[in-house]
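Overview (structure and organization)
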Amino acid sequence: PWVKPWMAEAQWEHHASEDVRHRIHFVSFASFAPSCPLSPETRMNGRPPIAVFVMGPTASGKTELAMALHDRLPVELVSVDSAMVYRGMDIGTAKPSREELARAPHRLIDICEPSEIYSAARFRDDALRAMRAITAAGRIPLLVGGTMLYFRALQHGLSALPQSDRAIRADLEARLARDGLAALHRALAKVDPVAARRIHANDPQRTLRALEVWEI
């Protein structure tokens with residue numbers, strides 16, 4: 001319901017150490033009110049405001065591309081990365097440098113502590129809030145990153161599941177350490193056999209989450 005079925009694809013080529021071709025997906029979001037004070041440049045053929053998605057794996061040149069587009073277009077950047085949201089996680093995440101962030105600020109970078117739980121649902125809420133603010137300011141949201149689950153959650157929404165409960169999660173993690181994953185998966189099979197058949201017995205993250213949802 002958040003995304004209109006209209007999509008267009010464009011190609012952009014830049015020259016760094018080697019030629020790299022990236023795909024940019026222009027997505028029309030139906031959730032933005034047409035009364036937002038947008039400049040003519042932010043509309044395409046009378047369509048609602050657009051957002052630009054720049055997707056790709058780590059170290060594929062997404063940041064360089066996004067910054068180049070930032071220099072040329074009326075866009076503001078929103079990070080779509082499950083690691084970059086955490087403060088201090090700068091190694092192995094290809095997080096933009098201070099100089100790059102000063103040149104082209106990214107929203108949703110360094111917004112929580114590593115001890116916090118940051119979910120796809122929370123990202124979706126944060127991203128939509130940022131996109132509305134950018135659109136209201138008369139600019140175009142450009143979402144750049146490699147966490148495909150976040151892009152999917154933004155485009156297609158998520159199931160109406162409860163937020164994680166710290167106390168229940170801590171108890172389940174203690175049971176995992178004490179009894180092992182096989183015991184927890186057997187416990188899941190007793191209370192939710194459908195989920196147990198869908199979740200592999202060697203998948204601790206989904207097993208714990210399924211038990212957590214059942215207990216909540």
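Residues numbered from 1 in each chain as written. Predicted model: local features only at pLDDT ≥ 70, side-chain atom pairs only at ≥ 80, totals over all residues. Heavy atoms only, no water.

**A short note on the overall build of the protein chain**
Regarding its fold elements, the protein chain presents eight helices and six strands. Look at the contacts in the protein chain between residues 6 or more apart in sequence, and 66% of them connect residues 24 or more apart. Surface exposure of the protein chain reaches about 12100 Å², of which carbon and sulfur atoms provide 53%. (Helix = DSSP H or I, 4+ residues; strand = E, 2+ residues; numbered from the N terminus. Contact = heavy atoms within 4.5 Å. Areas by Shrake-Rupley, 256 points an atom, 1.4 Å probe, with all protein chains shown as cover.)

**Topic: the nonpolar core**
Counting 21 residues, the largest nonpolar core has Y118, F123, L143 and L154 as the members making the most contacts within it. Every element with two or more residues in this core is listed here: strand 3 (50–55), strand 4 (75–80), helix 3 (120–136) and helix 4 (148–156). Counting residues per element, this core draws most heavily on helix 3, at seven residues. In this structure, V54, M67, A104 and I140 belong to the second largest nonpolar core, which totals 13 residues. (Core = buried A, V, L, I, M, F, W, Y, C linked by side-chain atoms within 4.5 Å. Buried < 20%, exposed > 50% of the residue type's maximum accessible area, 1.4 Å probe, protein only.)

**What about helix 5 (residues 166–179)?**
Since the α-helix advances by 3.6 residues per turn, residues separated by three or four positions end up pointing in the same direction. Between the first and last C-alpha of helix 5 there are 20 Å, a value that for 14 residues agrees with the 20 Å anticipated at 1.5 Å per step. On its buried face, helix 5 sits against helix 6 (181–191) and helix 8 (204–215). Within two residues after helix 5, G180 carries a phi angle of roughly 95°, on the positive side. (Expected span 1.5 Å × (residues − 1).)

**With respect to the packing of aromatic side chains**
Enumeration over the complete set of coordinates arrives at three aromatic pairs. Centroid distance F53 to F151: 5.1 Å. Interplanar angle 45°. Geometry classified as tilted. With F53 in strand 3 and F151 in helix 4, this residue pair connects regions lying 98 residues apart in the sequence. The two residues F53 and F151 agree in class, both being buried. One aromatic cluster in this structure is built from Y118, F123 and Y150. (Phe/Tyr/Trp six-rings, centres within 6.5 Å; stacked < 30°, edge-to-face > 60°.)

**Digging into the pairing of strand 4**
Most of strand 4 sits out of view: five of its six residues are buried. Where strand 4 and strand 6 (residues 140–145) come together, six bridges link them in parallel fashion. Looking at the pairing, E76 lines up with P141 of strand 6. Where strand 4 lies against strand 5 (residues 106–107), two bridges are found, and the strand directions are parallel. When the bridges of strand 5 are listed, V78 appears paired with R107. Crossover connection from strand 4 via helix 2 (residues 98–103) to parallel strand 5: handedness right-handed. (Pairing = 2+ DSSP bridges. Right-handed = clockwise from strand over helix to strand, strands pointing away.)

**Side note on the pairing of strand 6**
By the criterion of burial, strand 6 is predominantly enclosed, with six of the six residues buried. Residues I140, L142 and V144 point to one face of strand 6 and P141, L143 and G145 to the other, with burial holding for every one of them. Sheet topology note: the strand 3/strand 6 ladder contains four bridges and is parallel. Looking at the pairing, V52 lines up with L142 of strand 6.

**Things to note about unusual backbone geometry**
The backbone phi angle of L108 is positive, close to 70°, even though this residue is not glycine. Within the element layout of this structure, L108 appears in the loop between strand 5 and helix 3. On the basis of relative accessible area, L108 is assigned to the buried category, the value being 11%. Although it is not a glycine, D110 adopts a positive phi angle of roughly 55°. Here D110 shows up in the loop between strand 5 and helix 3. D110 sits in the partly exposed class, given a relative accessible area of 31%.

**With respect to the confidence of the model for the protein chain**
Per-chain confidence: the protein chain averages 79 in pLDDT, with 77% of residues scoring 70 or above. Ranking the elements of the protein chain by mean pLDDT puts strand 1 (residues 3–15) last, at 36, and strand 5 first, at 97. Long-range and interchain partners of residues 1–48, a stretch whose pLDDT sits below 50, account for 108 contacts in this model, where long-range means more than four residues apart. (pLDDT = per-residue confidence, 0-100.)

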